[in-house]
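Take a look at the letters that make up each chain.
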Amino acid sequence: MTIDGPLHAEVIASFLDRGYAPSTTELAATLDADPADVAESLRRLDAGHGLMLHPGTTAIWLAHPFSTSPTTVCVTEGDRSWWAPCMWCAAGVVALVQSSHRSRDAARSGEAETTDRPALVHARWGGEHEPLVLAPDSNTEPLIHFSMPPRDAWSNVVHWCSTVQPFRTTTDIDAWCERHRQPRGEAVPWSQVLALGRVWYGNHRERTWRKWTTREASAIFASVGLSMPFWHLPESDATF
């Protein structure tokens with residue numbers, strides 16, 4: 001039995017509670033584990049796309065939906081903030097922040113139902129110069145454009161994520177793709193991406209976390225209405 005699930009949970013908890021990724025030493029202390037076992041777990045998670053390490057190190061670079069590198073997408077809640085690799089990830093950060101608040105409020109009050117505190121998503125239209133801020137009660141419903149299908153994500157996940165951008169209209173998407181010579185993929189309403197973020201990242205702080213299989217990932221896509229061929233994955237038990 002490995003420590004991969006509990007370690008991943010502690011990584012996500014560190015991002016949520018402290019705003020940054022934990023070091024190998026901090027993880028070893030939290031998990032009461034040998035630093036060598038922690039380093040091996042980190043390398044194993046990196047190899048299986050459970051997170052990404054800075055090349056040649058055990059320092060965490062990405063633990064989706066969080067990034068340790070500054071990006072064009074940031075989620076804020078009060079004076080706290082988190083970088084997200086893309087708008088899909090931003091939806092996941094929002095879901096985790098809201099879930100964290102519900103758990104804390106329930107622990108204090110004994111009530112399961114609480115009111116979510118607002119988390120704001122800061123981005124730029126098309127990743128260019130014009131800013132965009134999305135609040136839970138925002139009247140703005142951008143289209144989130146996915147240039148490349150998810151099945152291609154891990155060929156270069158940093159680039160794949162960076163092309164997931166918000167737009168006002170499909171005409172804007174077409175112009176952006178032409179201007180930057182980017183593939184024209186699928187446009188998904190922000191509310192639908194939020195739903196995907198809740199389901200996809202909802203278990204990421206659990207100690208029993210594991211990677212979704214491609215079969216499970218396909219079922220998640222379908223559950224939020226993403227059933228077009230663009231979203232199809234091989235039907236297998238390989239992890240995605």
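Residues numbered from 1 in each chain as written. Predicted model: local features only at pLDDT ≥ 70, side-chain atom pairs only at ≥ 80, totals over all residues. Heavy atoms only, no water.

1. A short note on the state of the cysteines
In step 1: Counted by the stated rule, this structure contains 0 disulfides.
In step 2: Left without a disulfide partner, Cys86 is nearest to the cysteine sulfur of Cys89, which lies 3.8 Å away.
In step 3: Judged by relative accessible area, which is 1%, Cys86 ranks as buried.
In step 4: Unpaired in this structure, Cys177 has its nearest cysteine sulfur neighbour in Cys86, at a distance of 16 Å. (Disulfide = S-S within 2.5 Å. Buried < 20%, exposed > 50% of the residue type's maximum accessible area, 1.4 Å probe, protein only.)

2. Here's the deal with the nonpolar core
In step 1: In terms of nonpolar packing, the biggest core is built from 66 residues, with Met87, Trp88, Val121, Phe146 and Trp200 touching the most fellow members.
In step 2: If we skip the residues at most four places from it in the chain, Val121 touches Val73, Cys74, Val75, Met87, Ala90, Val94, Leu132, Val133, Leu134 and Trp190.
In step 3: One finds Phe167, Ile173, Trp176 and Cys177 within the second-largest nonpolar core, a separate group that totals 5 residues. (Core = buried A, V, L, I, M, F, W, Y, C linked by side-chain atoms within 4.5 Å. Contact = heavy atoms within 4.5 Å.)

3. Looking at empty space enclosed by the protein
In step 1: Summed over the entire model, instances satisfying the criterion amount to 1 cavity of 30 Å³ or more.
In step 2: There is about 270 Å³ of room inside the largest cavity.
In step 3: The wall of the largest cavity is formed by 21 residues, among which His64, Trp154, Trp200, Tyr201 and Lys211 lie closest to the centre.
In step 4: Secondary structure elements with two or more residues in the lining of the largest cavity: α4 (87-109), α5 (157-162) and α7 (190-201).
In step 5: Element by element, the count of residues in the lining of the largest cavity is highest for α5, at 3 residues. (1 Å grid on protein atoms, 1.4 Å probe; cavity = no way out; pocket = protein on both sides within 12 Å on 5 of 7 lines; lining within 4 Å. Points joined across faces, edges and corners; volume = space filled by probe spheres on them. Helix = DSSP H or I, 4+ residues; strand = E, 2+ residues; numbered from the N terminus.)

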